[in-house]
Amino acid sequence: MGEPLYPFSEIEQTVQKRWKAENAFHVTRAPELPKYYCLEMFPYPSGRIHMGHVRNYSIGDAIARYKRMCGFNVLHPMGWDAFGLPAENAAIVRGIHPADWTESNISHMKDQLQKLGLSYDWDREVATCHPDYYRWNQWFFLKLLDKGLAYRKEALLNWCESCATVLANEQVEDGLCWRCGSVVILRTMDQWFLRITDYAEDLANSLETLEGWPERVRTMQANWIAPSKGALIDFKIERSGEPALQTDSLTVFTTRPDTLFGVTFLTIAPEHPLLESLIEHSPEKSSAQAFIEKTLRARTHQSREEPEKEGVFSGVFLRHPLTEERLPLWIGNFVVASYGTGVVMGVPAHDQRDFEFAQKYRLPVRQVIVPPGQDPTPPLDSAITEDGVLINSGLFSGLSGEEARLTITAHLEKAGLGRPKKTYRLRDWGISRQRYWGTPIPVIHCPSCGIVPVPEGDLPVLLPRDIHFTGKGGSPLADHPAFRSVPCPSCGGTGRRETDTMDTFIDSSWYFLRFAGIEDSPRDRPFSSEALSYWLPVDQYIGGVEHAILHLLYARFFTRVLFDLGLSPVREPFRTLLTQGMVLKDGSKMSKSKGNVVDPDLLISEYGADTVRLFTLFSAPPDKDLSWDDKAVEGAYRFLGRIHSRIESLIEEFPDAARAGTNAWRETLSPEAREIRTKIHETILKVTNDLENNAQMNTAIASLMELLNTLSQFQGNATREDSDSRQWILVSGYRTLLLLLSPFAPHLADHLGRRLGMERIAHLSWPVPDERALVKTLVPFVIQVNGKLRATLSFPPDAPEAVVVLGAREDERLVRALSGQTILKTIFVPGKILNFVVRPSQ
RNA sequence: GCGAGAGUGGCGAAAUGGCAGACGCACCAGACUUAGGAUCUGGCGGGGUAACCCGUGGGGGUUCAAGUCCCCCCUCUCGCACCA
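Description of the structure in this document. (Residues numbered from 1 in each chain as written. Chains lettered and ligands numbered in written order. Predicted model: local features only at pLDDT ≥ 70, side-chain atom pairs only at ≥ 80, totals over all residues. Heavy atoms only, no water.)

**Side note on the overall build of chain A**
Inference 1: A count of helices and strands for chain A gives 25 helices and 32 strands.
Inference 2: With the C-alpha coordinates aligned to their principal axes, the bounding extent of chain A is approximately 110 × 90 × 50 Å.
Inference 3: Looking at chain A as a whole, 53% of its 842 residues qualify as buried.
Inference 4: Looking at chain A alone, contacts between residues at least 24 apart form 72% of all its contacts between residues at least 6 apart. (Helix = DSSP H or I, 4+ residues; strand = E, 2+ residues; numbered from the N terminus. Buried < 20%, exposed > 50% of the residue type's maximum accessible area, 1.4 Å probe, protein only. Contact = heavy atoms within 4.5 Å.)

Below is the structure:
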């Protein structure tokens, strides 16, 4: 590496020092000013920033800076999603306390972000692992508990015996524990859940109001929530003298109550909570148990393949609610326990899965629906899933489709045998984690009082610092006697503190409210409501698509809950969403294992932050994947270097450039200078439109490069221009260029701005194109024959058809193209195109 | 299987139905240089001496005019995946 093209390192350090000294990007609410809340997803402090962060924050910063120059009061905060498992792993592997590891990562990453020159209001910085943040997680949890939105229930979890810990699905590899390699089993445990399904309907319906969100993300969320309308139907359990069960019927969920008379069996999920007691006295108990065990073991394998449908007869019989027919209950591996009721009615004639199952186990098939234009056609060779007219369905025969579904459901409801029901693919949100580095769940288990919430005044429940990591797994907090053992707030007896901590998705479900609401440093509330109602909603949210479902759904849910609690001024937190593409290298995602990571620090020291930012914005539209190309970065670097050297030589030629006035309109300019002025104003228009429409920064930057090329060329030519006009056009051109560049390469723009007489460019006004400059005297007209280009000729933009036709017919190429042709008609688009439609004459 | 998105030079990409390939990378030539992996200037889809012809995954269609709109097909990426 030889001489840098321009002294970026000194420039960037000087400019950053000045921003810091001025606290340049600090904001407070100002009701008289329009606000703009620009937010990028805050990072997990893993240790170092990566190119994905650089891209995310470069996009966000360009938007924030642009809006600031447009006159908005811009809130642009940054913080740390600081709880999570990696900190605990570091503690185990390297013996560093999670808190120390996290703090040191934060401090290093903050340095890195500051080196990029991002215009954050650092006064609002939050870290979710600090008690003054996570205490509000606990406070919200108590509110949710109070509202019945937090509850406890048994859930099936992946459990590793040897680590004595719960594993997330992605930590189970091929049925084995990712850490120790032993077999993972499914185990039921009491877990805390949040009732997100109470909001499912609203979360799904409101998606269509989110016009500023990518269609893709809305579809993903809709598919994830997936409302489904149907009915619950009860089937009585047949008894033969054995002891009473907890319940005397099993309930199924179906979207097709119209097929009720086609039921020939029922199927239950192997992990259904009632199954064990159901088969207790079954003659088939041992084969049933063997099947259940085998299936549950297979469940932990995260195989992508859909396993073959298998099942076994449970030995139990049920009664059809309307016909009283005796129906066998089968256990099936294809039944999803957590959806609907975990029991489905088997209608082989009208459901493909049931059909395959019935074929395999020779269960009867009974057709009860005849689609329009068809005859009953037993035996079937596949299920008939379309709607049709009911047959063999008692008094409902003859009804069709939707009519039958409503009538049968109503009939069942009247008889107390069923009811309409809407279910969702979305499940309630399990938030318990058997981990240390998270928010303690603020409840106490008391042997006499049950579950007792920690009184609000006792918050926060602090994470104890003196924690012992065995590396064996299990919740470290459960091994901490002083934390665990606590008097019951209600009876004073000995209680056991909840030792599970919260899912870290809770932390990120409301941080955007905290950033805004931290403004008046509220002590007894999570945020200042005045500040919230000024700043919310987030106007522009930017982050990776990988958060399209979970984070964004949880944040929408949480915001609704807080709205209902009177704490949030909005129900929807994010007005517009930009999901940026991945940063790829050599065709695949950057990762340590592939050895294709690009280190932002290295790039910054080699080219400077401005180049790194500019290239990431220039090389692809923000929402598409970006292929990193070490060579192509040089293009961005050369562009900035050229701006620097051009402006320096301009100052050499005109030492008074900084004091030159360029705002007044000039009538007297050479045609050449006029054209350049037009180009300047066209560039303003182009960059502004590109930023307003979908943040198309790649094309905005391309047009800045065009402007530089134009100015450069003019500057390099010894023109006949008089010196005063020459200075005027060049200075106004470069000033505009710097203003337009400043969201993308803020350091260089600030530095060169000063050289040309503009102080604090980040706070100057965004330029507005002058209509007078956009008027052109001549524009190229495309002359076509039968739609094929034959010439381009210059005319005034408002030239009438006759003039253009006349001019065209004089053109040598047109004369050739039209000879021997009869003109049928001409198509004329003013200012643009003339097309002769011709046919050979005779 | 279902849903969404995308296929354009050697590469990243650009084009309100109106000149396909702006801008950048790579490459080629020239200038300046003791030197060039620096910088500057110019060229750069394919074919053809040229006039011209061909060209946006493939095939049809609408139109004076299609990368863009409509129909069918192929390929790739992403999301969901036995959801009753």
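**Description of the packing of helix H17 (residues 609-618) against helix H20 (residues 697-716)**
Inference 1: As a packed pair, H17 and H20 sit with axes 7 Å apart at the nearest point and diverge in direction by 115 degrees. Side by side, H17 and H20 meet where Leu-614, Leu-617 and Phe-618 of the first sit next to Met-697, Asn-698, Ile-701, Ala-702 and Met-705 of the second. (Axes fitted to C-alpha atoms, helices over the stretch in contact; angles between N-to-C directions.)

**Quick word on the nonpolar core**
Inference 1: Grouped together as the largest cluster of nonpolar side chains are 183 residues, with contacts concentrated most on Tyr-37, Phe-140, Trp-628, Ile-643 and Phe-744.
Inference 2: In terms of residue count, the dominant contributor to this core is helix H21 (residues 723-741) (10 residues).
Inference 3: When neighbours within four sequence positions are excluded, Trp-628 is seen to be in contact with Met-51, Val-583, Leu-584, Lys-585, Met-590, Val-598, Leu-603, Phe-615, Thr-616 and Val-633. (Core = buried A, V, L, I, M, F, W, Y, C linked by side-chain atoms within 4.5 Å.)

**Focus on the protein's contact with RNA strand B**
Inference 1: Taken together, 54 residues are adjacent to RNA strand B, and Thr-254, Thr-255, Tyr-339, Arg-353 and Lys-832 come closest.
Inference 2: Among all atoms of RNA strand B positioned within 4 Å of the protein, those belonging to sugar or phosphate total 65%.
Inference 3: One of the side-chain N or O atoms of Arg-427 is found 2.9 Å from a base nitrogen in RNA strand B.
Inference 4: Here Arg-816 contributes a side-chain N or O atom positioned 2.7 Å from a sugar or linking oxygen of RNA strand B. (Near = heavy atom within 4 Å. Polar contact = N/O pair within 3.5 Å; in protein donor to acceptor, adjacent residues only side chain to side chain.)

**A word on the sheet that holds strand S28 (residues 626-628)**
Inference 1: With respect to topology, three strands assemble into an open sheet ordered S27-S26-S28, the strand pairing being mixed. Two strands bound the open sheet, and with one partner strand each, they are strand S27 (588-589) and S28. (Pairing = 2+ DSSP bridges.)

**Remarks on the packing of aromatic side chains**
Inference 1: This model, assessed by the stated rule, comprises 43 aromatic pairs.
Inference 2: Ring plane angle 75 degrees and centroid distance 5.8 Å describe the contact between Tyr-511 and Phe-512, whose orientation is recorded as edge-to-face. Phe-512 matches Tyr-511 in its accessibility class, with the two residues each being buried.
Inference 3: A connected cluster of aromatic rings, assembled from ring pairs, spans Tyr-133, Trp-136, Trp-139, Phe-140, Trp-510, Phe-527 and Phe-558.
Inference 4: Positioned over the ring face of Tyr-151 is Arg-195, at 4.0 Å from the centre of the ring.
Inference 5: Between the NZ or CZ atom of Arg-556 and the centre of the ring of Trp-213, over which it lies, the distance is 5.9 Å. (Phe/Tyr/Trp six-rings, centres within 6.5 Å; stacked < 30°, edge-to-face > 60°. Lys NZ or Arg CZ within 6 Å of the ring centre and 35° of its normal.)

**A closer look at the pattern of salt bridges**
Inference 1: Within the structure shown, the criterion is met by 53 salt bridges.
Inference 2: Put simply, Glu-572 and Arg-560 hold a salt bridge, and the shortest N to O gap is 2.6 Å. Placement of Glu-572 in the loop between helix H15 (550-564) and strand S25 (574-580) and of Arg-560 in helix H15 is noted, with a sequence separation of 12 residues between them. The burial state of Glu-572 is the same as that of Arg-560; both residues are buried.
Inference 3: Three or more residues are tied together by salt bridges with common partners; here these are Asp-202, Arg-556, Arg-560, Asp-564, Arg-571 and Glu-572. (Salt bridge = Lys/Arg side-chain N within 4 Å of Asp/Glu carboxyl O.)

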